[in-house]
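# A look at the structure
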Amino acid sequence: MRRVHAVILSLLLLSLSACALFPNRDPVNINVVGLEPLPSQDLEVRFAIKLRVQNPNETAIDYNGIALDLEVNGHSLASGVSDQSGSIPRFSETIVSVPVSISAFSVLRQTLGLSQTQTLDNLPYVLHGKLAGGLFGTMRFVDSGKLSLPKASAATW
């Protein structure tokens, strides 16, 4: 019985010391800095979301994939993935572009939600995503804010 306790205690101490080997990293700062239209298919709209990724750490961040989910006004609007890879040097920043798709059903859901608010100003958005970096290098992020869409001008004929 003592041998079992000694093995369990040894494994516990070994697992606690293994946690000290993981780098202590600050979270990355992600901001949406632009949207560009992309060629679309039948019932979907595609955009490239441009993100400014800032690395406030003392070591570079290597990534080999990006995934995004965009919610607007409390409803899912767009999602996208990219298999691009790269490295963000220590105390540096870069712009990353990720293609996203908006389905016709998402547009319909947003339209119904907007009909209740009757305004296109200050729509809340939340962007969830991750920079894939292997088994222990994946970094998740969240960016949120308000969107102000341009108002349609009254056309005179």
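Going by an unreviewed UniProt entry, the protein chain carries the name LEA type 2 family protein and comes from Pseudomonas monsensis.

## Some words on the overall build of the protein chain
Counting its secondary structure elements, the protein chain contains 2 helices and 9 strands. Put simply, the protein chain runs from its N terminus to its C terminus through helices and strands in the order α-β-β-β-β-β-β-β-α-β-β. Expressed as a percentage of its 157 residues, the buried residues of the protein chain come to 24%. For the protein chain, contacts bridging at least 24 residues in sequence account for 61% of all contacts bridging at least 6. Carbon and sulfur atoms provide 59% of the accessible area of the protein chain, an area that totals close to 10,800 Å².

## Things to note about the side chain of Asn57
Along the chain, the position of Asn57 falls in the loop between strand S2 (44-55) and strand S3 (61-63). Ignoring anything within four residues of it in the chain, the contact list for Asn57 reads Arg25, Asp26, Arg90 and Phe91.

Calculation criteria
- Residues numbered from 1 in each chain as written.
- Predicted model: local features only at pLDDT ≥ 70, side-chain atom pairs only at ≥ 80, totals over all residues.
- Heavy atoms only, no water.
- Helix = DSSP H or I, 4+ residues; strand = E, 2+ residues; numbered from the N terminus.
- Buried < 20%, exposed > 50% of the residue type's maximum accessible area, 1.4 Å probe, protein only.
- Contact = heavy atoms within 4.5 Å.
- Areas by Shrake-Rupley, 256 points an atom, 1.4 Å probe, with all protein chains shown as cover.

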